[in-house]
Structures are given as C-alpha cells and as structure tokens.
Amino acid sequence: MSVWLVTPILQHLVQSAMAAAGFEVRSTIVRLYYGFRGGDRPKNAEAEFPEVCVSPKGAYEPWMLFRKPISERTVAENLRKWKTGALRRLAADKPLPDAISGGRTPKREEAIADHPCLKPQHFMRILVRALLPLGQGTILDPFMGAGSTIAAADAVGYDAVGLELDAEYFALAQESIPGLAALYPGFRGEEIEVELNGHVEHFQANTQMALALAESSTSYRAQDGRRR
Ligand SMILES: C[S@@+](CC[C@H](N)C(=O)[O-])C[C@H]1O[C@@H](n2cnc3c(N)ncnc32)[C@H](O)[C@@H]1O
C-alpha cells in the first residue's frame, strides 16, 4: 500500500494518474488541521465583496492511499503470501479512521528538524504504522525531506529506507531522525489520543471520532439487541 499527500485541489489529478498507471485508489486518510492555505477571498477586491470566498478555507490534507493490485485471489491469500495488500487497524478492536485530527507540527519537532514540510509525529506514526498490515516489511519514503516519515517508522519499530535529492536535507534528516523518533516514548501510532506539548486530545463518546472508532453503532441495534 502506498500513500501520497497533495493539496486538495490537485487530488483528482494524482488519483487519475495513479489509476492510469495501474494502481487501485483505496480511499484517503484526511489529516484535519488548520493551516494557512487560503485563496479565500477575491484578490484585491476583499473590501468590495466582504462575504465572498473563492474556495472554502482549507482545514485538511488528503493523504491518498493506493494499492498495487493483489496477485492472489483474495486479500487473505495475499497477506499470507506477501504480507501486503491491506492496512493495519489501530488494534484488533479499534478500526483505522479515515480522518485524524493532526494539529500543527509541534514546535519541539520543528526545533529538531528545520524543513518546510515537517509533518507531526502523532499523525505520521498512526499513518506509517497502518501501512504494514501485519507489521512486517519495510517503509520506503522516496521524498524523505527531514525524515518525519522515517522517524515515525523508527518509533513504531519498522524498518525504513529514505531517499532525498537535496544533500542539505539529507544531512538534516540524518541528524533529525533519531531526535524525532525518540520523542513521545511509548507512542507507537496505535491510538488516536496522545499528549503533545502538554495538550491531550480526548474524544467524548458522542463525537464523530468516537463513533468512527466504535465497532458498532448503538443506533443500529434493535430493542431486542439484534443488529439491524
Ligand atoms: C514534501 S517534502 C517530504 C517530506 C517527507 N516525506 C517527510 O516525511 O517529512 C519533499 C522532499 O522531496 C525532495 N525531492 C524532490 N524531488 C525529489 C526526487 N526526485 N528524489 C528525491 N527527493 C526529492 C525535496 O527535496 C523535499 O525535501
């Protein structure tokens, strides 16, 4: 399974190109966060059209999932033979949600790795962990930057290989990866709640995330207890 991040407006182009190249489009994991992506108001006419926006203000990043078509008859057979072709749940009793509250990359991570595209360890560990369905194999990041993906793989306990064109970024990644991987010891991407910079995200029972993580919604249970 592979994952690609792009700005939402170009998502359809990447998905079409990957599908044309023979990959299956396998949904998208959305990182919810409030960035500065705008294009919000009509340029140079903000005062004239105060209530107009040219596109909705960005509050998410799409991390698109693609799968090389499985070679075996079923996913189960593919898993047995190649250990690939699916995703890893958060836990046996916890599904992997397709929207994860990402927040900004914490300052303590930016202090370790000064790269414009550094991604938060919280989100990256959940994502990277999910990519190896049986926890076996190797993560490849062909565009490594300062190494958030490789550091996340390291923290989760996976083998990983990173490639980077820019020699300075490569050197930065070599320095940064051990520091990023050492943050939040014990957090290996198997849960959504995590303490970051002293802030703990809690999901109340009736929030959308809690409902997504619940195996079965009570609203689908009949009075007699049978699932409908
Ligand atoms: C968006 S950043 C990657 C962030 C990274 N995946 C992470 O986990 O933090 C993209 C990086 O790809 C690098 N890059 C661009 N073209 C490349 C190429 N052809 N081969 C390898 N790296 C490349 C850029 O120098 C840049 O550092």
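Quick caveat: nothing in here was measured; it's all calculated off a predicted structure.

Counting its secondary structure elements, the protein chain contains seven helices and eight strands. Of all 228 residues assigned to the protein chain, the portion counted as buried reaches 37%. Look at the contacts in the protein chain between residues 6 or more apart in sequence, and 66% of them connect residues 24 or more apart. When the accessible surface of the protein chain is split by element, carbon and sulfur atoms take 55% of a total near 13500 Å².

With 32 residues, the main nonpolar core has F123, M124, V128, I139 and Y158 as its most contacted residues. When sequence neighbours within four positions are dropped, the list of residues in contact with V128 reads I139, T149, A152, A153 and Y158.

The next thing to look at is unusual backbone geometry. A positive phi angle is found at S27, which is not glycine, with a value near 65°. Residue placement: S27 occurs in strand β2 (residues 24-32). Accessibility expressed as a relative area gives 44% for S27, which makes it partly exposed. Non-glycine residue K83 carries a positive phi angle of around 65°.

Okay, the pairing of strand β6 (residues 159-162) next. Judged from the four bridges that link them, strand β5 (residues 138-141) and β6 form a sheet pairing that is parallel. Bridge pairing in β6 links D141 to G162.

Turning to the sheet that holds β2, a few remarks are in order. Sheet architecture is open: four strands sit in the order β1-β3-β2-β4, paired in mixed fashion. The outermost strands of the open sheet, each flanked by one partner alone, are β1 (2-5) and β4 (99-101). Averaged over all neighbouring strand pairs, the angle between strand axes comes to 25°, with direction disregarded. Bridge count between β1 and strand β3 (residues 60-67): four bridges; the pairing is antiparallel. Bridge pairing in β3 places S2 opposite F66. In this fold helix α4 (residues 121-131) packs onto β1, β2, β3 and β4, with an angle of close to 15° to the strand it touches most, β3.

Definitions and cut-offs
- Residues numbered from 1 in each chain as written.
- Predicted model: local features only at pLDDT ≥ 70, side-chain atom pairs only at ≥ 80, totals over all residues.
- Heavy atoms only, no water.
- Helix = DSSP H or I, 4+ residues; strand = E, 2+ residues; numbered from the N terminus.
- Buried < 20%, exposed > 50% of the residue type's maximum accessible area, 1.4 Å probe, protein only.
- Contact = heavy atoms within 4.5 Å.
- Areas by Shrake-Rupley, 256 points an atom, 1.4 Å probe, with all protein chains shown as cover.
- Core = buried A, V, L, I, M, F, W, Y, C linked by side-chain atoms within 4.5 Å.
- Pairing = 2+ DSSP bridges.
- Axes fitted to C-alpha atoms, helices over the stretch in contact; angles between N-to-C directions.

Function cannot be read off these values alone, since they describe shape.
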